[in-house]
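# Descriptive structure summary
Letter by letter, the chains look like this.
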Amino acid sequence: MSGGQQPARSGVPRLRLDELLDELQVRIDEVRGTRDRLNGLLEAVMSVGRELDLPQVLRGIVEAAVVLVDAEYGALGVIGDDRKLAEFLPVGISDDLRAQIGDLPSGHGILGELIRHPEPLRLSELSGHPASYGFPAHHPPMHSFLGVPIRVREEVFGNLYLTEKRGGAEFDAEDEAVLSTLAVAAGIAIENARLFEEVRLRERWLEASSDITSALLSGAPEGEVLEGMLERAKDITGADMGVFHLLGSGGELRGSLALGEGAEAHRGIVLPSVRGTLAEAALARDGLVTVPDVASDERVTVQPERWTGFGPAVAVTVGTKERLSGVLILARRHGRPVFASAEVAALPGFAGQAALALELADRRRDAEQMSLLEDHDRIARDLHDLAIQRLFATGMTLQSAQRFVDHPQASERLARAVDDLDATIKIIRSTIFGLREHEARGETSKMRSRLVQALDAASVALGFTPALRMEGLIDTDVPPAVADEALAVVGEALTNVARHAEATRAEVSIAAADGSLIVTVTDNGVGLPAGGRRSGLRNLAERAERLSGRMEVAARGDGEQGDGERGTRLEWRVPLVPPR
């Protein structure tokens, strides 16, 4: 019997040895898992630190986090200046599913909890947290959750969100520690990427400023340079539209350039003052002003429909202490992120550099003009003091010699020569007068300023200031006689609006294009009365006919202009050069 029990006693140590070996294998596997996880963490830290392009850095952080904690879904939310999510980069959700879900989150519920309390948050069930209020339609189900903040120095840049640990398990303390370590490395990588982005952005602004200055000082047309400035600012900031309002000495908007989506509604606008516009807000700040939603901003009361469809906007004054040139406005479509402070930090400097270049170009042109006038004076003086005196003396000599000539033909030729000298003297004197009076003739009142004055005068009777849009080379291409008739048409048309239309809005458009001058006056009034007197309209038609043109008046149908208003539209069209 004792012989039969011996194998049992020898099996006990063997069993305990197997248990110890199994336990050792488990420990070895745990060590291996920890080593692999540390290697993965190290590789993730190195991978996010290699990139300098900020969007790529952010995408790499989310992808690394999903792998490290074995999550099915992940996202990185960037916190904006308004303490909401300015950007949201999801991983694990297809583009089609994202489109079905709709708008990306802005920072409510659990996502907002981390914004309000930037500390690690680990949940076994999302729906059990008091801040949770469910998911939108088509959103995949999510239960386990792990979120940690990403800090750049002392600033909370954003948060990492991980959900649905694979295998149905919960995120544990080790997952939290790994993700918190990655968040520290991510903060350093983000700071490096932001510094690189700021340097690159500053270089682009400096390059744009240099190009504008060079173009202006090389004699390029000012309008062309301003359009280039607008295009560069729009491109650097990622704006959808750019507007540059030119300011007059009295604070009026005397014209505007516009580029990008919806620019037609802003191009050529002229107003007697900046009141009720975004330009006024920038002038009140004496610098830079940002607007989260320009379409609904209470300060924009003049023609607010021009901003329909736009959201974030930024406006900056362009000018120096001696001269205010205008206001630059950049806008993005509704739904796009607001202009971050880093994006527009260099905009005032760019605008100031552009204003300085404009002033230097003006002074250079003034200096060139003075030099030209001095040359005119010198040439006129030399002609008067030298050429005319010599010609006059020669003529006197010929006249005195004429009485000594007996031959009739020779005497006749001398008389003709004296007459020719007198005519030449008259021509030279006329040339001198032209040289000295050239600038005086060019200083006649411009049509643009006369139009602004006409609208100011009409605003008293109307009770509001009509909008003015001007296109083409109105001051140079329109003959004075045609300009006088066009101004009379504008005045009479606005008088008719004030007397009969009961309108609350009117717009005047003047365009010189394709050899014609087109004057258009529209209002949102009661329209043309049936069988009413039209003596005023007959006068306008006769003015057009005298210049070989025509006039058309029609009622505006509901929604014809896209604004859902009725009213009247008058078009007065004449050729710039009447046929002979």
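As a reminder, the structure under discussion sits directly above these lines.
Within each chain, residue numbers correspond to sequence positions counted from 1 in written order. Since the coordinates come from a predicted model, pLDDT governs what is reported: local features require at least 70, and pairs of side-chain atoms require 80 or more to be given and counted, while whole-chain, interface and lining totals use all residues. Calculated side-chain values reflect all of the structure's heavy atoms, with hydrogen atoms and water omitted.

Each pair of strands is called paired provided DSSP finds at least two bridges between the two strands. Secondary structure elements follow DSSP: runs of H or I of four or more residues count as helices, runs of E of two or more count as strands, with numbering from the N terminus. Read across the open sheet, the five strands follow the order β7-β6-β11-β10-β9; overall the sheet is antiparallel. The strands lining the two open edges of the sheet, one partner per strand, are β7 (253–260) and β9 (288–291). The sheet shows a mean angle of 15° between the axes of neighbouring strands, direction not considered. With four bridges joining them, β9 and strand β10 (residues 310–319) adopt antiparallel strand pairing. Counted as the bridge partner of Val289 is Ala315 from β10. By the convention used here, residues are in contact when the closest approach between their heavy atoms is within 4.5 Å. Angular values range over 0 to 180 degrees, each being the angle between N-to-C directions of two axes fitted as lines to C-alpha atoms, with helices fitted over their stretch in contact. Sheet strands touched by helix α6 (residues 222–237): β6 (241–247), β7 and β11 (324–333). Its angle to β7, the strand with the most contacts, is close to 50°.

This brings us to the pattern of salt bridges. Salt bridges are counted wherever a side-chain nitrogen of Lys or Arg sits within 4 Å of a carboxyl oxygen of Asp or Glu. The tally for this structure, following the rule as stated, stands at 20 salt bridges. Of the charged contacts, one joins Glu571 and Arg550 as a salt bridge, the two residues approaching to 4.0 Å between their closest N and O atoms. With a gap of 21 residues between them, Glu571 in strand β16 (residues 567–575) and Arg550 in strand β15 (residues 550–556) connect regions that are remote in the sequence. Among the residues examined, Arg550 registers a relative accessible area of 39% and is labelled partly exposed. When salt bridges with common partners are traced through the structure, they connect Arg550, Glu552, Arg569, Glu571 and Arg573 into a single cluster. Each residue is placed in one exposure class: buried if its accessible area under a 1.4 Å probe, protein chains only, is under 20% of its type's maximum, exposed if it is over 50%, and partly exposed if it falls in between.

In this section: the side chain of Asp175. By secondary structure assignment, the location of Asp175 is in helix α5 (residues 173–217). A residue is classified by how much of its surface remains accessible, and Asp175, at 0% relative accessible area, is buried. Within the local environment of Asp175, its side chain forms a polar contact with the side chain of Lys165, the two groups lying 3.1 Å apart. Throughout this description, a polar contact denotes any pair of N or O atoms lying within 3.5 Å of each other; where both atoms belong to protein, one of them has to be capable of donating a hydrogen while the other can accept it, and for residues adjacent in sequence the pair is counted only when both atoms sit in side chains.

Let's shift gears to α5. Each helix should span, by expectation, one fewer than its residue count multiplied by 1.5 Å. If you check α5, its first and last C-alpha atoms are 65 Å apart, about what 45 residues at 1.5 Å a residue would give, namely 66 Å. The N-terminus of α5 is capped by Asp172, whose side-chain oxygen sits 3.2 Å from the backbone nitrogen of Glu174.

The geometry of helix α11 (residues 447–462) relative to helix α13 (residues 480–501) is characterised by a closest axis approach of 10 Å and an angle of 15° between their N-to-C directions. In terms of their interaxial angle, α11 and α13 are classed as roughly parallel. Between α11 and α13 lies a crossing of right-handed hand. Where α11 abuts α13, its residues Met447, Arg450, Leu451, Leu455, Ala458, Ala461 and Leu462 lie against Ala483, Asp484, Ala486, Leu487, Val490, Leu494, Val497 and Ala498. Gly falls in the polar group here, along with every residue not listed as nonpolar (Ala, Val, Leu, Ile, Met, Phe, Trp, Tyr, Cys, Pro) or charged (Asp, Glu, Lys, Arg). Here the contact of α11 with α13 is built from residues that sort into 13 nonpolar, no polar and two charged. Every angle not falling under 35 degrees, over 145, or within 65 to 115 is termed oblique; those three ranges are roughly parallel, roughly antiparallel and roughly perpendicular. Left-handed describes a crossing in which the near helix is turned anticlockwise from the far one by less than a right angle; the clockwise case is right-handed.

One open sheet holds the five strands; their spatial order is β2-β1-β5-β4-β3, and the pairing between them is antiparallel. The two strands at the open ends of the sheet, each matched to only one other strand, are β2 (85–91) and β3 (121–123). Each neighbouring strand pair of the sheet contributes to a mean axis angle of 15°, computed without reference to strand direction. Note that strand β1 (residues 71–79) and β2 share six bridges and pair antiparallel. If you follow Gly74 over to β2, its bridge partner there is Val91.

Now for unusual backbone geometry. With phi around 55°, Glu502 is a residue other than glycine that occupies positive phi space. Relative accessible area serves as the criterion here: at 66%, Glu502 is assigned to the exposed category. Within the chain, Ser548 stands out as a residue other than glycine whose phi angle is a positive 60°. Relative to the helices and strands, Ser548 is located in the loop between α14 (535–546) and β15. Note on Ser548: relative accessible area 42%, which makes it partly exposed.

What follows is about the packing of aromatic side chains. Geometry of aromatic contacts follows a simple scheme: Phe, Tyr and Trp rings, the Trp one being its six-membered ring, pair when their centres are within 6.5 Å, and the pair is stacked under 30 degrees between planes, edge-to-face over 60, tilted otherwise. Counted under the stated rule, the structure contains four aromatic pairs. Taken together, Phe88, Phe145 and Tyr161 form an aromatic cluster joined through their ring pairs. Sitting above the plane of the Phe339 ring, Arg332 keeps its charged end 4.0 Å from the centroid. Over the ring of Phe310 we find Arg333; its NZ or CZ atom is 4.2 Å from the centre of that ring. Remark: a charge is flagged as sitting over a ring if the NZ atom of Lys or the CZ atom of Arg is within 6 Å of the ring centre and within 35 degrees of the ring normal.

Moving on, we get to the pairing of strand β5 (residues 155–165). For β5, a buried count of 10 out of 11 residues is recorded, marking the element as mostly surrounded by other parts of the structure. Where strand β4 (residues 145–152) lies against β5, eight bridges are found, and the strand directions are antiparallel. Bridged to Pro149 within β5 is Asn159. Where β4 hands over to β5, the hairpin turn is made up of two residues, of which Arg153 adopts a positive phi near 60°.

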